[in-house]
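# Topology and contacts: notes
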Amino acid sequence: MDTRTATGLSFSGIEKSYGTQTVLHDISFRIEPGTFLCLLGPSGCGKTTLLRSIAGLEEPDRGTITIGDVTVFDAGARKMVPANRRGLGMVFQHYALWPHMSVRENIAYPLRQRGIRAGDRGGDVERLARLVGLESYLERRPNQLSGGQQQRVALARALAGDPQLLLLDEPLSNLDAVLRHQLRRELRALHNRLGMTSILVTHDQEEAAALADVIAVMQNGVIMQSGSPEDVLDRPDNRYVAEFVGYECFLKGTVTGQSAGSVSVTLPNGATVAVATNLAVTQSEPVLIAARGDQLEIFDKAGGVAPANAVSGRITDRAKLGSIMEYQAEVSGKTLWIRDKADTRFRINQDVWIRIPENCPLLRDN
């Protein structure tokens, strides 16, 4: 039971509404076998509804869902394969363990449902318990376990059904930060070891970056961008995705020059900076430069010559956050928040230079 045959998944034209509220809008996507996909987005964006539609716990209004080469949902053909016949394992946010059963009995439950005889279930249960580090806890009840141990039981139980796909609905959100990081590493290692296809719903971009092969960012029932963690986190397609994955500083500008792999952007105050990008833009097109606060650097204006790719600004507020000083600065009529690890202490109302790294994302201003 330590290896499984990975299978792919595709959904086409999936739509779902509750009354007058549409929560999934014409979603089409393909997941290759063995992929770890993270559906990333805020509460209410449709990611859990999409996951539950894959699982067979929700019935979309339109579209098709295919697992491997089997169509499990087809609205046009009125085909809806029940959840228990889709060959899936699912781990819920709140574990959903049977409180009156021991760890052993919880893990064994899917095996019993599959018709595996009691005498044959013991070895499988013990192997699954070892897989998730619970071999010493088999006789305990869920209320005798920590949150992390309960989550491991839920994971072992999901794997006991020998699933084609593993579906995970924010399984780590109820855990403290230390345990969340630990289980994140274990979950990715387990995915690699079993070679299966996994789909995780999360609102945590750090969690998605640590686990995913592919991230799909959702907003209002639409996939706004999908790709590798590097693509989505370092090269967001639009402001919504950029803000959601941690870019909090945005400067408006206009394209005033182009060369191979680089664009010159002039800000409203007349300053011009260079941005390395492959985005196809036209002369005079309005654009946005996006940056995280820890990407920007502050320099004392009293030093004379401006650093390369720097713009003039003024410190308007500051706050110490542990070993980091966070500055609020005004640049070209916009407010930036800059996190600085240096020992230099800039004063409120001090005029400064702020350097814009060339590798900041360039976005269309629309």
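Let me sum up the structure you'll find in this document. Here the structure is a predicted model, which means the values were calculated and not measured.

## Some remarks on the overall build of the protein
Assigned secondary structure in the protein consists of eight helices and 21 strands. For the protein, the C-alpha atoms occupy an extent of roughly 80 × 50 × 40 Å along the three principal directions. In the protein, buried positions account for 48% of the 366 residues. Long-range contacts, defined here as pairs at least 24 residues apart, represent 66% of the contacts in the protein between residues at least 6 apart. For the protein, the exposed area adds up to about 17000 Å²; of that, 46% sits on carbon and sulfur atoms.

## As for the pattern of salt bridges
Per the stated rule, a full pass over the model turns up 16 salt bridges. Salt-bridge contacts for Glu248 lead to Arg339; the nearest nitrogen and oxygen are separated by 2.6 Å. With Glu248 in the loop between helix H8 (239–244) and strand S12 (249–259) and Arg339 in strand S19 (residues 334–340), the pair connects residues that are 91 residues apart, well separated along the chain. Classification of Glu248 by relative accessible area gives partly exposed; the value is 28%. By relative accessible area, Arg339 is classed as partly exposed at 24%. Among the charged side chains, a network of salt bridges with common partners joins Arg104, Glu126 and Glu139.

## Topic: the packing of aromatic side chains
Inspection of every chain in the model, using the stated rule, returns four aromatic pairs. Between Phe11 and Phe29 the ring centres are 6.2 Å apart and the planes differ by 25°, which places this aromatic pair in the stacked class. With Phe11 in strand S1 (residues 9–18) and Phe29 in strand S2 (residues 21–31), this pair connects stretches of sequence that are 18 residues apart. Judged by its relative accessible area of 3%, Phe11 falls in the buried class. Ring centres 5.6 Å apart and planes at 75° place the aromatic pair Tyr327 and Phe346 in the edge-to-face group. Here Phe346 lies in the loop between S19 and strand S20 (351–355) and Tyr327 lies in strand S18 (residues 324–331), a separation of 19 residues in the sequence.

## A closer look at the nonpolar core
One finds Cys38, Ile107, Leu155, Leu159, Leu166, Leu168 and Ile215 to be the most contacted residues of the largest nonpolar core, which totals 52 residues. Here the element with the most residues in this core is helix H4 (residues 147–160); it accounts for seven residues. The contacts of Leu166, once residues within four sequence positions are left out, are Gly89, Val91, Leu155, Ala158, Leu159, Met196, Thr197, Ser198 and Ile199. By size, the runner-up hydrophobic cluster in this structure holds 29 residues, among which are Cys249, Tyr327, Ile354 and Ile356.

## Examining the side chain of Thr202
By the secondary structure assignment, Thr202 is in strand S9 (residues 197–202). What makes Thr202 buried here is its relative accessible area of 1%. Engagement of the side chain of Thr202 in a polar contact is seen with the side chain of Glu207, the distance being 3.0 Å.

## Points about the pairing of strand S4 (residues 62–67)
Relative to S4, S1 runs antiparallel, the two sharing five bridges. Among the inter-strand pairings, Ser12 is bridged to a residue of S4, identified as Thr64. Sheet topology note: the S4/strand S5 (residues 70–74) ladder contains four bridges and is antiparallel. Residue pairing in the sheet places Ile67 in a bridge with Val70 of S5. Counted between consecutive antiparallel strands, the loop separating S4 from S5 contains two residues, among which Gly68 sits at a positive phi close to 65°.

## Topic: unusual backbone geometry
Unlike most non-glycine residues, Asn220 shows phi in positive territory, near 50°. Residue position: Asn220 is located in the loop between strand S10 (214–219) and strand S11 (222–227). Under the relative-accessibility criterion, Asn220 is labelled exposed at 52%. Here the phi dihedral of Ser284 falls at roughly 75°; this positive angle occurs in a residue that is not glycine. Mapped onto the elements of the fold, Ser284 is located in the loop between strand S14 (272–276) and strand S15 (286–291).

## Concerning the packing of helix H2 (residues 103–113) against H4
Close contact between H2 and H4 brings their axes to 7 Å; oriented N to C, the two are set at 25°. Considering their axes alone, H2 and H4 lie roughly parallel with respect to each other. The chirality of how H2 crosses H4 is right-handed. The residues of H4 that touch H2, namely those facing Val103, Asn106, Ile107, Pro110 and Leu111, are Val153, Ala156, Arg157 and Ala160. Residue composition of the contact of H2 with H4, by class: seven nonpolar, one polar and one charged.

## Topic: the sheet that holds S15
A sheet is described by the order of its strands in space; here five strands give the open sequence S14-S13-S12-S15-S21, paired in antiparallel fashion. A strand with exactly one partner marks an edge of an open sheet, and here the two such strands are S14 and strand S21 (362–364). Geometrically, the sheet is characterised by an average inter-axis angle of 45° between neighbouring strands, direction not taken into account.

## Overview of the environment of Thr266
Mapped onto the secondary structure, Thr266 falls in strand S13 (residues 262–266). Distance from Thr266 to Thr254, taken between C-alpha atoms, is 5.3 Å for residues 12 residues apart in sequence. Look past the residues within four positions of Thr266 in its chain and what remains in contact with it is Gly253, Thr254, Thr256, Ala271 and Thr272. Within the structure, Thr266 has its side chain in polar contact with the side chain of Thr272 (distance 2.8 Å).

Parameters at a glance
Residues numbered from 1 in each chain as written. Predicted model: local features only at pLDDT ≥ 70, side-chain atom pairs only at ≥ 80, totals over all residues. Heavy atoms only, no water. Helix = DSSP H or I, 4+ residues; strand = E, 2+ residues; numbered from the N terminus. Buried < 20%, exposed > 50% of the residue type's maximum accessible area, 1.4 Å probe, protein only. Contact = heavy atoms within 4.5 Å. Areas by Shrake-Rupley, 256 points an atom, 1.4 Å probe, with all protein chains shown as cover. Salt bridge = Lys/Arg side-chain N within 4 Å of Asp/Glu carboxyl O. Phe/Tyr/Trp six-rings, centres within 6.5 Å; stacked < 30°, edge-to-face > 60°. Core = buried A, V, L, I, M, F, W, Y, C linked by side-chain atoms within 4.5 Å. Polar contact = N/O pair within 3.5 Å; in protein donor to acceptor, adjacent residues only side chain to side chain. Pairing = 2+ DSSP bridges. Axes fitted to C-alpha atoms, helices over the stretch in contact; angles between N-to-C directions. Parallel < 35°, antiparallel > 145°, perpendicular 65-115°, else oblique. Left-handed = near helix turned anticlockwise from the far one by under 90°. Nonpolar A, V, L, I, M, F, W, Y, C, P; charged D, E, K, R; others polar.

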